[in-house]
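Residue-level structural notes
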Amino acid sequence: MLGLPEGHVTAVPGLSRKAQLRALGNGVCPAQAEAAVRLLLARAGLLLAA
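One structure accompanies this document, and this report is about it. The residue numbers shown here count from 1 along each chain, following its written sequence. At least 70 in pLDDT is required for a residue's local features to be given in this predicted model, at least 80 for side-chain atom pairs to be given and counted, and no such filter applies to totals for whole chains, interfaces and linings, which use all residues. Side-chain metrics rest on all non-hydrogen atoms present in the structure, leaving aside hydrogens and water.

1. Focus on the overall build of the protein
Quick reminder of the rule: Strands here mean DSSP runs of E at least two residues long; helices mean DSSP runs of H or I at least four residues long; both are numbered from the N terminus. Exposure is judged per residue with a 1.4 Å probe applied to protein chains only, and the accessible area is read against the type maximum: over 50% gives exposed, under 20% gives buried, and values in between give partly exposed.
Secondary structure assignment for the protein yields 2 helices and 0 strands. Counting the 50 residues in the protein, one finds 4% classified as buried.

2. Description of a nonpolar patch on the surface
Rules: Put simply, a patch holds well-exposed residues, over 30% relative accessible area, that have no salt bridge, with like charges counted together within 9 Å and Val, Leu, Ile, Met, Phe, Trp or Tyr side chains within 5 Å. For accessible areas, the Shrake-Rupley method is used with a probe of radius 1.4 Å. Any residue's cover is judged against the shown protein chains and nothing else. Any carboxyl oxygen of Asp or Glu within 4 Å of a side-chain nitrogen of Lys or Arg constitutes a salt bridge here.
A cluster of nonpolar side chains, namely Val-37, Leu-41, Leu-46 and Leu-47, defines an oily patch on the protein surface of about 340 Å² accessible area. Inspection of the secondary structure assignment puts Leu-47 in the segment after α2 (29-43).

3. With respect to the side chain of Gln-20
Condition: Residues are treated as being in contact if the distance between any of their heavy atoms lies within 4.5 Å.
For Gln-20, the location among the structural elements is in helix α1 (residues 17-24). With residues near it in sequence (within four places) discarded, Gln-20 still touches Val-9, Thr-10 and Leu-15.

4. Section: α2
Given 3.6 residues to a turn, an α-helix orients residues that are three or four positions apart in the same direction. Rules: Residue count minus one, scaled by 1.5 Å, sets the expected span of a helix.
Here α2 contains 15 residues, and its C-alpha end-to-end distance of 21 Å stays within 8% of the 21 Å for a straight helix at 1.5 Å per residue. A positive backbone phi angle near 75° is found at Gly-45, which sits one or two residues after α2.

5. Some points on the pattern of salt bridges
Under the defined criterion, the tally for this structure stands at 1 salt bridge. When the shortest N-O distance is used, the salt bridge between Glu-34 and Arg-38 registers 2.9 Å. Taken together, the residues Glu-34 and Arg-38, both in helix α2 and 4 residues apart, mark about one turn of the helix.

6. Re the environment of Ala-23
Among the structural elements, Ala-23 can be located in helix α1. Assessed through its relative accessible area of 55%, Ala-23 is described here as exposed. Between the alpha carbons of Ala-23 and Val-9 there is a distance of 7.5 Å; along the sequence they are 14 residues apart.

Put into structure tokens, the structure is as follows:
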């Protein structure tokens, strides 16, 4: 959901799981927010075609 290529963080040698999560941070929030807004707009009948 982040839109990053596969292995962007996980393929880094020696990077622990904790360090991987720290490196990603809250990067997923914008994509989740966009999905939520699109869902709400669609339910309200206000979603414009892209």
